[in-house]
Structure formats: structure tokens, C-alpha cells
Number of protein chains: 2
Amino acid sequence: MNQKKLTKKTTIYDLAELAGTSASAVSAVLNGSWKKRRISIALAERINRIADEQGYAVNMQASLLRRDNSKIIGMIVPKYDNRYFGSIVETFETMARARGLFPIITCTRRDPELEIEAARAMLSYQVEWLVATGATDPDHISDMCIAAGVGSLNLDLPGTKAPSIISDNFGGARELTRRILIKSKHEHGAAQPLLFIGGRASDHNTSERIRGFRAAHQDIGVRVDESHILASGYAPEKAEGSLAALATSEGHLPSGMFVNSTISLEGVMRWIKRSGHYKEQSPLIGCFDWDPFADLLGDKIEMVRQDVQGMLTEIFTIIDSGASSTTVIQVPPIFVTGDQPVPVY
Amino acid sequence: MNQKKLTKKTTIYDLAELAGTSASAVSAVLNGSWKKRRISIALAERINRIADEQGYAVNMQASLLRRDNSKIIGMIVPKYDNRYFGSIVETFETMARARGLFPIITCTRRDPELEIEAARAMLSYQVEWLVATGATDPDHISDMCIAAGVGSLNLDLPGTKAPSIISDNFGGARELTRRILIKSKHEHGAAQPLLFIGGRASDHNTSERIRGFRAAHQDIGVRVDESHILASGYAPEKAEGSLAALATSEGHLPSGMFVNSTISLEGVMRWIKRSGHYKEQSPLIGCFDWDPFADLLGDKIEMVRQDVQGMLTEIFTIIDSGASSTTVIQVPPIFVTGDQPVPVY
DNA sequence: TTGAAAGCGCTAACAG
DNA sequence: CTGTTAGCGCTTTCAA
């Protein structure tokens, strides 16, 4: 890290000297405020040329210190290991840039401490807005933002102290469950109750999805087996563990299941493959989340895709309007009615 | 965006006043340089308490402007839509933070213009190092960094003006090809030549992998069909298109293939499923990249996992030592010799 | 049409 | 042990 100052960075003073003018003229030309200042085109062009030659780049730290708005927008996100968060981040960056905002993103690996630390760092960098995605304690983050006079927004998981944009977890889960139950009826004559697996019962999304899961069963008069609701965590290993335990204790497993995320699905599929259960008859699966490869895994997996575009549009609508409320906006997820199921292997 | 200054942010002057001391004492306490200054514990504690109460967060812009090192480290990355780049970003963030560096990351969506713009933005934010991941024109970025006196590093795709850390594409591809050819021999009595699909022939990684692909065929005296080297791009649709075209023109397809990335694999698998080709006998597949679901897709897919940990360790070794060279470091990818292949469905 | 100068919030050398 | 002070590079009045 001993990158010594071999090359002192070029400043507007250097450019001013080279152009035979003043720093304020250079500043005005470079940041576009020069039309107002009625600087001569000649000077403007000269300055621009020299800046180019010198490969000049403004010192944002200095610029921001002086200005009263930073145009920086922050996001914290739990993980980059699945398509959902990946596309959230990518879409967020694109939409932010389209508005002339500079996005900074931090991955907090579902670590509550890191979330807070990251939020504090973002405030130090003078973000104008902070989007807390899937945060474990969104209200804490909102409090910090409120204290700093900075807008905050919750995404994916709701809070009570800032606007929240989330999927319609109840509706989506109910519809997804309904679809699997219909398949179940087709396959077994009568719909058989499903297993719910993955997620944390304590988080809002999971509990709403469980509610939808229950509702869909109730809708057709099928009784849910309470011991078949396994919200033991997000990691693949958790799902594997739960299935293994269930298999040991009950011997045979339900003929269909509702999997709460692609991350859990990873564990589920791995376990199915390894354990050799379901060898004669593979289970019907519904997954609340989408992954292109999982989609290819067979005709028995139904997936709901959360509407990332839709959610981020809501996010930026709020940011653009500067509104501040405490509403929860639920964005319906998307059911991809894919091409005809043809087994790959 | 009309977030007006309702709450003027707390500064060290405010804290100083509240604590009945000076701004410099507050500054020293808050940034840890106070042991050198032999400030009384009592004062330090008082200041810390008050800062806490006020929810104070330093103004980084002001702090960085004054200091001569920013502790900011930048990375540009092409996409967030696959596990490889996802884990690069996540590992990068973690390792940077462990060193007290603040990571800022920008996704450039394989857009050359955006790459340059992003690099310029990072320089404006006074990054101390810039890691260009999978950049289309790494040397241009290095030039900008050199001009600004900032260190730069290439990751995944090599350049000639900064150290480059890449996978051993030749070696990895040769070994991967070898493995598929062995399977081919088992299955068909004699090894049959494979199809190469995905990537851009113009990029270094792809051409090295093609070289490895050729070498492995040559090693066992099997002739490569030149018209079966299809490096038509990274997007899934490109792979689909190439396969469709080949199927039309030749009628039947090779019995095995080397797929250049999970992104291309997505298109390949989709096409296989949709087209109904390979219905009687599914193809042997090797993929130069890894995805957990693709891994579950059947026993006929062999994957190499690029060693993200290893590559980032190299990156930070260079950063930690401040060395600056122009070497290319090749990190061997990992062959996961998975569990016994058991078809899922 | 242009330049001088003040000051954003913080750090660090120096003077007590 | 503590406070005063001089900038860091830029933006923005204000005066010329």
C-alpha cells in the first residue's frame, strides 16, 4: 500500500495556470455551470482541451465537501449468490446512474453487525438515500438515517419507519401453492398436503408465505400438517438437514413441497439426489424465487419470479418524488408459464 | 430528491461545544489518533459518549480531502448474473474490509463506454487501487490509472499494463476436455470429437480455452472439426442460435460439447430441452465455470470451478505489497470430483 | 466576460 | 494534556 505520491494529482489550479486563467473559470467550465457565467466559448474549449490532455478527473471529495448534495445513493444487500439479489443490484445501479446518481453497494452477508456498520459508513459518505435490502433490522437503519436527515427505504423485507417495497408474499405463495396442489391432484387423484421448507419463521416474508401456503390448502379443504412446516434457515445445508431429519423420523416424505428460496432449493435438490429418496416418484416442487438452471431441472418444478423491475421502479418513484411515508407496497411476483415441460435427461 | 436540510448534520464543532473542548480533540479521539496525543481518558470517554448520543458519523468527504490516502478501493465487474462474478465481488468486499479498505464496485454490463466512465468516476472518488474485472479494454483503464498515479490490477481477463490475475484457461480447458473425451470413449467405444461453444474468440480466455480444447484432442489423436468451434458470444441466446443453426445445416450434432461459461450453458440446456435433439442419447457436457444447479442437472455435466479465493488472494498480495509489475499470474481452476452421479429425475 | 476570496468539515503540526 | 491554526480542492458569491 506504499503507493507514494509519484504523480501529484492535477488540480483545477494546475489547469488554470496552463490555460492562463483562474481556478473558478476552470471549475465553471468543467462542471457545466459556465453557460450561466457567460464564459467565452474560446476559453471553455481551451480549458476542456487542456483538461483532456492532462487526463484530469475532479476530486469528488473536494467537490462534494463544498456542494450541499452528494448525488450518492447507497444500498445494502445480503448476498450476491443468487439471481434475485444479483438482478436487484444490477437494476439498481442502472436506474441510479440513469438519474445521475452514483450508487454504492455493500454486501452484508446477513450479518446484523455488518449491516449497521455498513449503514454508518454510507452515511459518512454522505449518501442522500439508503436502500436497505433484506435487512435483519431495517428500523435500526431507518433510525440512523432519520438522525442524519437522510432518506431511507426498505426493499424485500419491510420495516416500520420507512417506505417498504416487498413482494406480495402472501398472494404469491397462495397462488404457487394452489398450482402445486392442482398438479398433485392430477398426479395422485386427490391433492396431497405439501411440505413447506426454507427461510426463517421470524422474518416477515417467510411468515407471510406460510400464511399463503396455509390459505391455499384451506381453499381446497386440505389439512396442513404442522410438523411439515420447516422454516429452519436460508442456507442450503439447513434445508438438507431438515429433510434428512424428517426422513429419519417419519420414514417417508410428502409427495410435494413448497421451497422458500432458490438457496434452499439448492439444498433440497442436493439432498434428493444424494439420499435416493423419491427415486420411484419425484416430488412436485414449487419454489418462491427463480433461477434459470433450476428452471431446467425438470417439469416438476414450478417457480415464481419476484418482480425486480417493478420493485425498483417503485423505489425510484419514491426517490424521485422525495416522498417519505411508512407505507408497505406489495409488488405481485410473476408466474412464468414456461414452454412445454420436456424432461432434459 | 427534495430532501431539504431539515437536520443540519452534526460536526466535530458541535461535539466540541457539547463536550466543552476543541474540535481537534474531538477529531483525535474519534479517529483513534488520541493515544499519541495523550488525551485524558476522561475526555476521550466523554467525547465518545456524546458522539454516540448524537449519532455522529464523520464526514468522509472532509476527512478524505484532508488526508492523503483515501483507503478506498474500486472494482469494476461485468455482470452480477452468475456465481463466478457474484463470488468475486463478495470475496473482494470481504477481503477489502478486512484490510480497512472501503470497497466500491460498479457493474459495467460488458459496455466498453461504461467501463471507461466508471473508471473515471472511481478515480474521481480517489480510489487507491482499481481492479478491472473482465474488462474489454483493460489497458485503457490502466493508462488512466497510471496518469492518476493510482495502482491498477486486471482480474479474469489479462492486460499488458498492470499485473493480471486470471484462471489457467489453457490448462483447465485441456483437462476438462480430456475428462469429457474419456467419458466419450467409455460411452461410444472410441472418443468422439467435441463441439466447442460460447464466448468470444477475440477474448484471451476463450482463445486459450480453445487452444486447450485442441490440445486435449490432439493428445489422444482425435481430429477437431473446425466448424464445430462456435465462439459466438456469451449470452444464452447466442449459444441457442448457434446450436439451432448447426442442427439445421448438419442435421445431427456432436455427441459431446465443451461449454465456455454457465451463461452459455443456460442457452445450451434450454435449446436441448426445447429442440428435442439428443432425446435418445443426451450429450456429454463439460462447462468451464460452475453453478450449483447446473451441477444437479444430471451426471453428464462436468464442471470446472474457477478459484475465486485463490485469485483474490493473489490480488491482495499485490495490493498489500504495493508491488507493480506487468506479470500474468495464472491460477489453476478446481475440478470438483463430486458425489456419485445419481439422476434426479 | 472574468477573478478573488471565503469556506465546506476535517486533520495534524505546532504552540502552549 | 489541550487548543489554535493552516490548509486539502472545489464551488460560489461578489466585485471588477
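Parameters and conventions
- Residues numbered from 1 in each chain as written.
- Chains lettered and ligands numbered in written order.
- Predicted model: local features only at pLDDT ≥ 70, side-chain atom pairs only at ≥ 80, totals over all residues.
- Axes fitted to C-alpha atoms, helices over the stretch in contact; angles between N-to-C directions.
- Helix = DSSP H or I, 4+ residues; strand = E, 2+ residues; numbered from the N terminus.
- Parallel < 35°, antiparallel > 145°, perpendicular 65-115°, else oblique.
- Contact = placed C-beta atoms within 7 Å.
- Nonpolar A, V, L, I, M, F, W, Y, C, P; charged D, E, K, R; others polar.
- Near = placed C-beta within 6 Å.
- Expected span 1.5 Å × (residues − 1).
- Buried ≥ 20, exposed ≤ 12 C-beta atoms within 10 Å, placed from the backbone.
- pLDDT = per-residue confidence, 0-100.
- Least-squares fit on C-alpha atoms with pLDDT ≥ 70 in both.
- Pairing = 2+ DSSP bridges.
- Left-handed = near helix turned anticlockwise from the far one by under 90°.
- Core = buried A, V, L, I, M, F, W, Y, C linked by C-beta atoms within 7 Å.
- Right-handed = clockwise from strand over helix to strand, strands pointing away.

Q: So what exactly am I meant to see when it comes to the packing of helix α2 (residues 23–30) of chain B against helix α3 (residues 41–53) of chain B here?
A: For any two helices packed against each other, one specifies the crossing angle of their axes together with the interaxial distance. All names here are of chain B. At a minimum axis distance of 10 Å, the contact between α2 and α3 shows a crossing angle of 85°. Comparing their axes, α3 and α2 come out roughly perpendicular. Residues Ala 25, Val 26, Val 29 and Leu 30 of α2 pack against Leu 43, Ala 44, Ile 47, Asn 48 and Ala 51 of α3. A per-class count over the contact of α2 with α3 returns eight nonpolar, one polar and no charged.

Q: Sorry, what's going on with the protein's contact with DNA strand D here?
A: Close contacts around DNA strand D come from 27 residues, with Thr 11, Ser 24 and Ser 27 of chain A together with Ser 24 and Arg 66 of chain B the closest. Of all the secondary structure elements, the ones that give two or more residues to the surface near DNA strand D are α2 (23–30) and α5 (60–66) of chain A together with α2 and α4 (60–66) of chain B.

Q: What am I meant to see in helix α8 (residues 169–188) of chain B here?
A: Side chains of residues three or four places apart in an α-helix project in the same direction, reflecting 3.6 residues per turn. All names here are of chain B. For α8, with 20 residues, the first-to-last C-alpha span of 28 Å sits near the 28 Å given by 1.5 Å per residue. If you check which residues of α8 are buried, you get Asn 169, Gly 172, Ala 173, Arg 174, Leu 176, Thr 177, Ile 180, Leu 181 and Ser 184. Where α8 is buried, its residues contact β5 (164–167), α9 (204–219), β10 (256–259), β11 (284–288) and β12 (301–305). Downstream of α8 by a residue or two, Gly 189 has a phi angle that is positive, lying close to 85°.

Q: What is the right way to read the confidence of the model for chain A from this model?
A: For residues with low pLDDT, the predicted coordinates do not support detailed interpretation. All names here are of chain A. On average, residues of chain A score 90 in pLDDT, and 95% of them reach the 70 mark or higher. Within chain A, the lowest mean pLDDT, 72, falls on helix α3 (residues 34–37), and the highest, 98, falls on strand β5 (residues 164–167). Long-range and interchain partners of residues 339–345, a stretch whose pLDDT sits below 50, account for 16 contacts in this model, where long-range means more than four residues apart.

Q: Mind showing me how you'd approach the interface of chain B and chain A here?
A: A common measure of how large an interface is: the accessible area buried when the components associate. The interface is formed by 64 residues belonging to chain B together with 64 residues belonging to chain A. Those elements giving two or more residues to the side of chain B that touches chain A turn out to be α4, α5 (83–98), β2 (102–107), α6 (112–124), α7 (138–148), α11 (262–275), α12 (292–295) and α13 (308–321) of chain B. Of the residues that constitute the side of chain B that touches chain A, the class distribution is 32 nonpolar, 17 polar and 15 charged.

Q: Sorry if this is basic, but what is going on with the relation of the copies chain B and chain A here?
A: Copy one and copy two of the chain differ by a rotation about an axis and a translation along that axis. The transformation that overlays chain B on chain A combines an axial shift of 0.1 Å with a rotation of 180°, and the residual RMSD is 0.1 Å. The symmetry that links the two subunits is that of a two-fold axis. Measuring from the rotation axis to each C-alpha of chain B, the shortest distance belongs to Gln 61 of chain B, at 2.2 Å. In this assembly the copies share their binding face: 100% of the residues contributing to the interface of chain B also contribute to that of chain A.

Q: I'm lost on the sheet that holds β11 of chain B in this one. Help?
A: Pairing between the strands of a sheet is mediated by backbone hydrogen bonds and can be parallel or antiparallel. Residue and element names in this part refer to chain B. Spatially, six strands are ordered β8-β6-β10-β11-β12-β14 in an open sheet, and the strand pairing comes out mixed. The sheet is open, and its two edges are formed by β8 (229–230) and β14 (334–335), each paired on a single side. The pairing of β11 with β12 spans four bridges and is parallel. Across the sheet, Phe 288 pairs through a bridge with Val 304, a residue of β12. Packed on one face of the sheet, α8 meets β10, β11, β12 and β14 and runs near 170° to β11. Taken strand by strand, α11 contacts β6 (195–197), β10 and β11, and its axis lies near 145° from that of β10.

Q: Help me understand the protein's contact with DNA strand C in this model?
A: Surveying the vicinity of DNA strand C reveals 26 residues, the closest of which are Ser 24 of chain A together with Thr 11, Ser 24, Ser 27 and Ala 62 of chain B. Secondary structure elements with two or more residues in the surface near DNA strand C: α2 and α5 of chain A together with α2 and α4 of chain B. Among the elements that line the surface near DNA strand C, the one with the most residues is α4 of chain B, at four residues. Partitioning the surface near DNA strand C into residue classes produces ten nonpolar, eleven polar and five charged.

Q: Even after reading the chapter, I still don't get the packing of helix α1 (residues 12–19) of chain B against α3 of chain B, so can you show me in this structure?
A: Residues and elements named next belong to chain B. Running from N to C, α1 and α3 cross one another at 120°; their axes reach a closest spacing of 10 Å. When the axis of α1 is compared with that of α3, the two are oblique. α1 and α3 meet at a crossing whose hand is right-handed. Here α1 contributes Leu 15, Leu 18 and Ala 19 to the contact with α3, which in turn contributes Arg 46, Ile 47, Ile 50 and Ala 51.

Q: Could you clarify how one ought to interpret the pairing of β12 of chain B in this entry?
A: On a regular strand, each side chain points to the face opposite its neighbour's, so the side chains alternate between the two faces of the sheet. All names here are of chain B. Most of β12 sits inside the fold, with five of its five residues counted as buried. Alternating residues of β12 divide into Ile 301, Met 303 and Arg 305 and Glu 302 and Val 304, and every residue in both groups is buried. The pairing of β12 with β14 spans two bridges and is classified as antiparallel. Paired with Arg 305 across the strands is Ile 334, a residue of β14.

Q: It is not clear to me how the nonpolar core should be interpreted in this structure. Could you clarify?
A: Most often, soluble globular proteins have nonpolar side chains that are buried together. By size, the foremost hydrophobic cluster in this structure holds 115 residues, and its most contacted members are Val 127, Leu 130 and Ile 315 of chain A together with Val 127, Leu 130 and Ile 315 of chain B. Once residues lying within four places of it in the same chain are set aside, the contact partners of Val 127 of chain A are Ser 70, Ile 72, Ile 73, Gly 74, Met 122 and Val 150 of chain A. The next biggest cluster of nonpolar side chains, apart from the first, holds 72 residues, and it includes Val 259 and Cys 287 of chain A together with Leu 296 and Val 304 of chain B.

Q: Please explain the pairing of strand β10 (residues 256–259) of chain A as it appears in this structure.
A: Residue and element names in this part refer to chain A. Burial of β10 is two-sided: the residues Gly 256 and Phe 258 facing one way and the residues Met 257 and Val 259 facing the other way are all buried. Across four bridges, β10 lies against strand β11 (residues 284–288) in parallel orientation. Residue Met 257 lies in a different strand from β11, and its bridge partner there is Ile 285. Handedness of the β10-helix α12 (residues 262–275)-β11 crossover: right-handed.

Q: Any chance you could explain α9 of chain B here in plain terms?
A: Its 16 residues place the ends of α9 of chain B 22 Å apart at the C-alpha level, agreeing with the 22 Å of an ideal helix rising 1.5 Å per residue. Directly after α9 of chain B, the chain includes Gly 221 of chain B, whose backbone phi takes a positive value near 70°.

Q: For this particular structure, what's the right way to read the sheet that holds strand β2 (residues 102–107) of chain A?
A: All names here are of chain A. Taken together, the six strands give an open sheet; going across it, the order is β2-β1-β3-β4-β5-β13, and neighbouring strands pair in parallel fashion. Lying at the two open borders of the sheet, with one neighbouring strand each, are β2 and β13 (328–331). Across the sheet, the mean angle from the axis of one strand to that of its neighbour is 20°, orientation sign disregarded.

Q: Looking at this structure, how should I read unusual backbone geometry?
A: Among all residues except glycine, the phi angle is most often negative; among peptide bonds, the trans geometry is most common. Residue and element names in this part refer to chain B. With phi around 60°, Lys 71 is a residue other than glycine that occupies positive phi space. With respect to the element layout, Lys 71 can be found in the loop between α4 and β1 (72–77). Backbone geometry places Arg 110, a non-glycine residue, at a positive phi of 55°. A tally of 15 C-beta atoms within 10 Å means that Arg 110 is categorised as partly exposed.

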